[in-house]
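# Descriptive structure summary
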Amino acid sequence: EDQVTQSPEALRLQEGESSSLNCSYTVSGLRGLFWYRQDPGKGPEFLFTLYSAGEEKEKERLKATLTKKESFLHITAPKPEDSATYLCAVQAAGGGNKLTFGTGTQLKVEL
Amino acid sequence: EPEVTQTPSHQVTQMGQEVILRCVPISNHLYFYWYRQILGQKVEFLVSFYNNEISEKSEIFDDQFSVERPDGSNFTLKIRSTKLEDSAMYFCASSEAPLPGGLYFGAGTRLSVL
């Protein structure tokens, strides 16, 4: 069974304090690893798809990296508006078109 | 920017009643999905739909659930006889191509079964 584990569950940062969120996964062949941002009461907002180990993608203060066992979402010099829950999901080879999600990391960035 | 639109934003129903949740996917997308998120839990896959038929469904998606694309723009999820445990946030999503292309979610419908 495909599994996605995210850590930490919650993270509190000061504005400008860089950090990383972790997503470890167990899947029978990875077709894609996805990062989403979710604000309270809203749907997940697509950030990145990573396809193979060694791949990196960036968007503003966010950078996602991928290894064969885990992915990191690096947040550089975060601002209060980066506060949200960050979700990781995987699509398995042979798993059709479904995503398996982790429980997310709740990030709070304070002034 | 194109977006997935869901209505209503909140639906309250009595146990045993039928509900229909509605979605308008992004117009050039061909693949449609429903996911749900029980409060405090993971987002869970329910069903995927392509070319007017279900392409995949999870164990959650039992005979009480059905999906339909009644016209060229809407995509609906019907729950025939709601149970208390169906209370959750239901998200519609769409993608232009099969995954792992980008999957875009709507804002969700909060279903409360009393």
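In this text, all values refer to a predicted model and were calculated from it rather than measured experimentally. (Residues numbered from 1 in each chain as written. Chains lettered and ligands numbered in written order. Predicted model: local features only at pLDDT ≥ 70, side-chain atom pairs only at ≥ 80, totals over all residues. Heavy atoms only, no water.)

## What to know about the pairing of strand β8 (residues 75-79) of chain B
Residues and elements named next belong to chain B. Short version of the rule: Partly exposed residues are those whose accessible area sits between 20% and 50% of the maximum for their type, while under 20% is buried and over 50% is exposed, using a 1.4 Å probe and protein chains only. A run of H or I in DSSP counts as a helix once it spans at least four residues, and a run of E counts as a strand once it spans at least two, with each numbered from the N terminus. Note on pairing: two strands pair once DSSP finds at least 2 bridges between them.
Summarising burial for β8: four of the five residues are buried, a large majority. As defined by bridge partners, strand β3 (residues 19-24) adjoins β8 across five bridges and the pair is classed as antiparallel. Each residue of the ladder has a partner; that of Val-19, found in β8, is Ile-79. Of the pairings in the sheet, the one linking strand β7 (residues 65-68) to β8 comprises four bridges and is antiparallel in character. Within β8, the position partnered with Val-67 by the bridge is Leu-77.

## Re the interface of chain B and chain A
Going by this rule: Only heavy atoms matter for contacts: two residues are in contact if any of them lie within 4.5 Å across the pair. Buried area counts how much accessible surface, traced with a 1.4 Å probe, disappears from two parts once they are put together, with both parts' losses summed. Take a side-chain nitrogen of Lys or Arg and a carboxyl oxygen of Asp or Glu: if they are within 4 Å of each other, that pair is a salt bridge. Charged residues are taken to be Asp, Glu, Lys and Arg, nonpolar residues to be Ala, Val, Leu, Ile, Met, Phe, Trp, Tyr, Cys and Pro, and polar residues to be all remaining types, Gly included.
Residue-level contacts link 21 residues of chain B with 23 residues of chain A. Summed over both sides, the interface between chain B and chain A buries roughly 1,700 Å², with carbon and sulfur atoms accounting for 59% of that surface. At the junction of chain B and chain A, the tally comes to zero salt bridges. At the level of elements, β4 (31-37), β5 (43-50), β9 (88-95) and β10 (104-105) of chain B are the ones that each hand at least two residues to the side of chain B that touches chain A. Per-class residue counts for the side of chain B that touches chain A are 14 nonpolar, five polar and two charged.

## A look at the environment of A:Tyr51
Here A:Tyr51 shows up in the loop between β5 (45-50) and β6 (56-59). Excluding residues that lie within four positions of it along the chain, A:Tyr51 makes contacts with A:Leu30, A:Arg31, A:Lys57, A:Leu66, B:Pro100 and B:Gly101.

## Quick notes on the pattern of salt bridges
With the rule as written, the count across this model stands at six salt bridges over all chains. One salt bridge in this structure joins A:Asp39 and A:Arg37, with 3.1 Å as the shortest N-O distance. Notably, a salt bridge pairs B:Arg36 with B:Glu44, separated by 3.2 Å at the nearest N-O pair. The exposure class assigned to B:Glu44 is partly exposed, which follows from its relative accessible area of 26%.

## A few points about the environment of B:Pro8
Residues and elements named next belong to chain B. Residue position: Pro-8 is located in the loop between β1 (5-7) and β2 (10-13). Expressed as a C-alpha distance, the spacing of Pro-8 and Asp-86, which sit 78 residues apart in the sequence, is 16 Å. Beyond its immediate chain neighbours, meaning those up to four positions away, Pro-8 contacts Gly-108 and Thr-109.

## Side note on the state of the cysteines
A covalent bond bridging the sulfur atoms of two cysteines is what the word disulfide describes. How we decide: In plain terms, two cysteine sulfur atoms within 2.5 Å form what is called a disulfide here.
What the rule picks out here adds up to two disulfides over all chains. At a sulfur-sulfur separation of 1.9 Å, the disulfide partner of A:Cys23 is A:Cys88. Residues A:Cys23 and A:Cys88 share a disulfide whose torsion about the S-S bond is about -60 degrees; that sign makes it left-handed. One end of the pair, A:Cys23, is in strand β3 (residues 19-26); the other, A:Cys88, is in strand β9 (residues 84-92), with 65 residues separating them in the sequence. Across a sulfur-sulfur distance of 2.0 Å, B:Cys23 and B:Cys92 are joined as a disulfide pair. Around the S-S axis, the bridge from B:Cys23 to B:Cys92 shows a dihedral of about -65 degrees and counts as left-handed. Of this pair, B:Cys23 sits in strand β3 while B:Cys92 sits in strand β9, and the two are 69 residues apart along the sequence.

## Let's talk about the pairing of strand β7 (residues 62-66) of chain A
One face of the sheet, then the other: side chains in a regular strand alternate in exactly this way. Residues and elements named next belong to chain A. In terms of burial, β7 is largely enclosed, as four of its five residues are buried. Pairing of β6 with β7, which is carried by four bridges, proceeds in the antiparallel orientation. Its bridge partner being in β7, Glu-58 is matched across the sheet by Lys-63. The sheet contact formed by β7 and strand β8 (residues 70-75) spans five bridges and is antiparallel. Bridged to Leu-62 within β8 is Ile-75. Between β7 and the antiparallel strand that follows it, β8, lie three residues.

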